[in-house]
Amino acid sequence: MPRRFAATAAFHELLDLIRDADAAFLDGPRAVDDLSALEGYRYLTEVLGVALDCFLWADTARPTIVPLVGPTRKFGGDNADAYYYFAPLDPARTYCVRGRIGDAVYLSLCVYGGPTDGRWSNRIVSKINNREMTFGPQQTFEITIGGPRRGENWIPLEPDAVCVVTRDYLVDPVRGTQATYAIEAVDPAPPPGPLADADLGNRLRCAANFIRDLLNVCPIPTPFDANTVQEPYVQQAVTYGWAAPDVAYAMGRYELADDEALVVEGHA
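Residues numbered from 1 in each chain as written. Predicted model: local features only at pLDDT ≥ 70, side-chain atom pairs only at ≥ 80, totals over all residues. Heavy atoms only, no water.

### Some words on the sheet that holds strand E7 (residues 154–155)
If you trace the four strands from one edge of the open sheet to the other, you get E7-E6-E3-E9, paired in mixed fashion. In the strand order of this sheet, the two ends are held by E7 and strand E9 (180–185), each with one partner. In terms of strand pairing, strand E6 (residues 140–145) meets E7 through two bridges, oriented parallel. Across the sheet, residue Ile145 finds its bridge partner in E7, namely Ile155. (Pairing = 2+ DSSP bridges. Helix = DSSP H or I, 4+ residues; strand = E, 2+ residues; numbered from the N terminus.)

Below you can see the structure in the form of structure tokens.
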């Protein structure tokens, strides 16, 4: 008899999910056009990469910050002028994030709470942005996450906290210098032990649950009139996914001929 592990079923579940995921953009109301379908296959590989980075390899005792979104990595939508990073958190620990703001015109760290099984977070726990931060020489910063309250550059953790997501927006994403980050747990952790079957199976299922949540919303339906944008809104503390509480969101779509351009005008 071949050997069977808890991780075997979880691994097959993940593979089956990816294998069948193209149904969302090949048929039905979210099947837009041929180009979108072809982009969908690339998108699935990118989402799989994000899921593995965030859940399979995550270690709250020895965390690393991994990229979520950049000019060539799509995650829920295009963010060609923004960079997002992710790190897993244990609410019982205290963390230190060190970095440099670079040329970012907006930078933030936002802690999210909610399910621990890979499903998207459903609550904003705390946040800090560059207007609230104190910077050192050469625009360096040091943020404490969790632990006892302190006067500045501190954001709290709560019992349901699961991760922190950073954002930095650049006016010139090609030539501008993006922010840098490094995270470490303040309390030293012993070296990791051998990988357990149940733990690996749980991590693989978390990755699958994350992808499954994304497939519920992407491809994004387009119920709006062409070349229109919704009224901007500010995200509330109760959320779905990793929205920021200090960013205004607005959704729209466009239809352009080859010789047309879309111009969006607004005011602060």
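### Quick look at the environment of Pro91
Relative to the helices and strands, Pro91 is located in the loop between strand E2 (82–88) and strand E3 (95–100). With relative accessibility at 33%, the residue Pro91 sits in the partly exposed group. On a C-alpha basis, the gap between Pro91 and Met133 in space is 22 Å, while along the polypeptide they are 42 residues apart. (Buried < 20%, exposed > 50% of the residue type's maximum accessible area, 1.4 Å probe, protein only.)

### Points about the packing of aromatic side chains
Tallying each qualifying case throughout the model produces 10 aromatic pairs. Ring geometry for Phe25 against Tyr41: centres 5.1 Å apart, planes inclined by 85°, an arrangement best described as edge-to-face. Pair noted here: Phe25 is in helix H2 (residues 23–26) and Tyr41 is in helix H3 (residues 34–56), with a separation of 16 residues, a long-range link. Judged by its relative accessible area of 7%, Phe25 falls in the buried class. Overall, the relative accessible area of 37% leaves Tyr41 in the partly exposed class. The interplanar angle of 90° and the centroid separation of 6.2 Å between the aromatic rings of Phe135 and Phe141 together place this pair among those described as edge-to-face. Judged by relative accessible area, Phe135 falls into the partly exposed class, the value being 23%. One aromatic cluster is present, formed by Phe55, Phe86, Phe210 and Trp242 through successive ring pairs. (Phe/Tyr/Trp six-rings, centres within 6.5 Å; stacked < 30°, edge-to-face > 60°.)

### Overview of the sheet that holds strand E5 (residues 123–129)
Sheet strands associate in pairs through backbone hydrogen bonding, adopting either a parallel or an antiparallel arrangement. In space, the five strands of this open sheet follow the order E1-E2-E8-E4-E5, with antiparallel pairing throughout. The two strands at the open ends of the sheet, each matched to only one other strand, are strand E1 (66–69) and E5. The sheet shows a mean angle of 25° between the axes of neighbouring strands, direction not considered. Here strand E4 (residues 106–113) pairs with strand E8 (residues 161–169) via eight bridges, running antiparallel. (Axes fitted to C-alpha atoms, helices over the stretch in contact; angles between N-to-C directions.)

### Digging into the pattern of salt bridges
For the structure on display, the rule yields 15 salt bridges. For the salt bridge of Arg62 with Asp59, the shortest nitrogen-to-oxygen distance reads 2.8 Å. The class of Arg62 is partly exposed, set by a relative accessible area of 30%. Taking relative accessible area as the criterion, Asp59 reaches 22% and is therefore assigned partly exposed. Residue Arg123 is joined to Asp160 by a salt bridge in which the shortest nitrogen-to-oxygen separation is 2.8 Å. Note that Arg123 is positioned in strand E5 and Asp160 in the loop between E7 and E8, a separation of 37 residues in sequence. Three or more residues joined by partner-sharing salt bridges are found here, namely Glu13, Arg205 and Arg212. (Salt bridge = Lys/Arg side-chain N within 4 Å of Asp/Glu carboxyl O.)

### Section: helix H4 (residues 197–217)
Its 21 residues place the ends of H4 31 Å apart at the C-alpha level, agreeing with the 30 Å of an ideal helix rising 1.5 Å per residue. For H4, the complete set of buried residues consists of Gly201, Arg203, Leu204, Cys206, Ala207, Ala208, Asn209, Phe210, Ile211, Asp213, Leu214 and Leu215. Residues of H4 that are buried make contact with helix H1 (6–20) and H3. (Expected span 1.5 Å × (residues − 1). Contact = heavy atoms within 4.5 Å.)

### What to know about the side chain of Ser126
Checked against the element boundaries, Ser126 lands in strand E5. Residue Ser126 is classed as buried on the basis of its relative accessible area, which comes to 8%. Only 2.8 Å separates the side chain of Ser126 from the backbone oxygen of Pro156, close enough to count as a polar contact. Other than its neighbours up to four places away in sequence, Ser126 contacts Leu109, Cys110, Val111, Ile155 and Pro156. (Polar contact = N/O pair within 3.5 Å; in protein donor to acceptor, adjacent residues only side chain to side chain.)

### Some points on the confidence of the model for the protein chain
Of the residues in the protein chain, 97% reach a pLDDT of 70 or more, and the chain-wide mean stands at 89. Across the protein chain, the element-wise mean pLDDT spans from 78 in strand E11 (residues 233–234) up to 98 in E6. (pLDDT = per-residue confidence, 0-100.)

### Some points on the nonpolar core
One finds Leu68, Phe75, Phe86, Val165, Phe210, Ile211 and Trp242 to be the most contacted residues of the largest nonpolar core, which totals 39 residues. Put simply, the parts of the chain that give this core at least two residues each are H1, H3, E1, E2, E4, E8 and H4. In terms of residue count, the dominant contributor to this core is H3 (nine residues). Excluding its chain neighbours within four sequence positions, the residues that come into contact with Phe86 are Cys54, Thr64, Ile65, Val66, Leu68, Cys163, Val164, Val165 and Trp242. Tyr83, Ala104, Leu170 and Ile183 belong to the second-largest nonpolar core, a separate cluster that totals 27 residues. (Core = buried A, V, L, I, M, F, W, Y, C linked by side-chain atoms within 4.5 Å.)

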